[in-house]
Amino acid sequence: MKRSFPMAIAIFLPLFFCTPAVAQHKGPYAGLFLGGNMLSDAKGSDNLGNFGLDFDPGFLGSAVVGWDFEPGNIVGEGRIELEYTHRKNPLDQARFVEGSAKGGGNMTADSLMINFFGVFHDNRSWSPYLGAGLGAARLENSNLTVTGQPFSSDSAFVFAYQFGAGFDFALTKRLSLDLGYRFFSSTRPRLDEASGESFKMDYLNHSVVLGMRVGF
């Protein structure tokens with residue numbers, strides 16, 4: 001009995017990767033994505049010096065509309081899309097020269113991006129892809145606190161960019177499952193502290209997403 005599970009994997013795993021290719025979709029599509037994201041420890045600076053902000057992992061949701069290029073297109077195989085994403089991360093702690101302090105509140109990012117993904121099709125049901133995107137984001141400190149005291153509650157619009165990679169799994173000609181990674185970043189926003197001082201901070205985000213795209 002103990003040997004049956006590894007044996008089943010050995011039998012069915014090759015069948016999964018050798019599934020006959022599904023005809024490529026071409027034309028418009030729409031999709032929804034969910035995932036988890038990790039905001040790198042942010043370095044901030046104001047008139048009093050440098051400090052750090054550490055965030056907990058959070059969730060994200062995305063909606064996309066795009067166009068699958070026809071195979072043999074002069075642009076290349078792949079797709080272009082417009083993507084809206086909402087990311088949210090709770091503040092864990094703030095680090096100052098004097099030491100660390102417990103944080104509260106959330107850092108959110110609402111972004112609108114134009115992405116291009118090159119897809120490497122082959123005679124199989126799954127295809128790896130690589131891509132990049134450019135756009136804008138609204139970064140917001142939603143009631144950030146340090147040791148329970150107000151720290152910042154402000155927002156800023158910034159230039160944003162991202163890089164992505166992953167795998168498309170063609171379920172049917174029109175329906176695809178997408179498992180991917182996204183690195184998302186922006187220019188440093190200028191935000192106001194509760195004291196009236198201004199500060200700048202880094203925004204570097206790593207995300208793993210799972211989504212479904214439907215072609216029309």
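Below is a short write-up of the structure.

Our focus in this paragraph is the pairing of strand β11 (residues 198–201). Residues Phe199 and Met201 of β11 are buried on one face, while the alternating residues Ser198 and Lys200, pointing to the opposite face, are not. Relative to β11, strand β2 (residues 42–46) runs antiparallel, the two sharing two bridges. When the sheet's bridge partners are listed, Gly44 is paired in β11 with Met201. Both strand β10 (residues 190–192) and β11 contribute to a ladder of three bridges, which runs antiparallel. Residue pairing in the sheet places Asp192 in a bridge with Ser198 of β11. Between the antiparallel neighbours β10 and β11 lie five residues, among them Gly196 with a positive phi of about 100°.

Even without being a glycine, Asn143 presents a positive backbone phi close to 55°. Located in the positive-phi region is Thr147, a residue other than glycine, with phi close to 50°. Structurally, Thr147 can be placed in the loop between β7 (126–146) and β8 (149–170). Overall, Thr147 belongs to the exposed group, its relative accessible area being 54%.

All right, on to the pattern of salt bridges then. Using the criterion set out here, one finds 10 salt bridges in the structure. With a shortest N-O distance of 3.4 Å, Lys102 and Asp92 are connected by a salt bridge. Placement of the pair is Lys102 in strand β6 (residues 99–119) and Asp92 in strand β5 (residues 78–96), with a sequence separation of 10 residues. Its salt-bridge partner being Asp168, residue Arg213 comes within 3.1 Å of it at the nearest N-O pair. You can see Arg213 sitting in strand β12 (residues 204–215) and its partner Asp168 sitting in strand β8, a full 45 residues away along the chain. Each member of the pair, Arg213 as well as Asp168, is classed as buried. Put simply, Arg79, Glu81, Asp168, Asp178 and Arg213 are held in one network by salt bridges that share partners.

Cut-offs used in this document
Residues numbered from 1 in each chain as written. Predicted model: local features only at pLDDT ≥ 70, side-chain atom pairs only at ≥ 80, totals over all residues. Heavy atoms only, no water. Buried < 20%, exposed > 50% of the residue type's maximum accessible area, 1.4 Å probe, protein only. Helix = DSSP H or I, 4+ residues; strand = E, 2+ residues; numbered from the N terminus. Pairing = 2+ DSSP bridges. Salt bridge = Lys/Arg side-chain N within 4 Å of Asp/Glu carboxyl O.

From the geometry alone we can't say anything about function, so treat these as descriptive.
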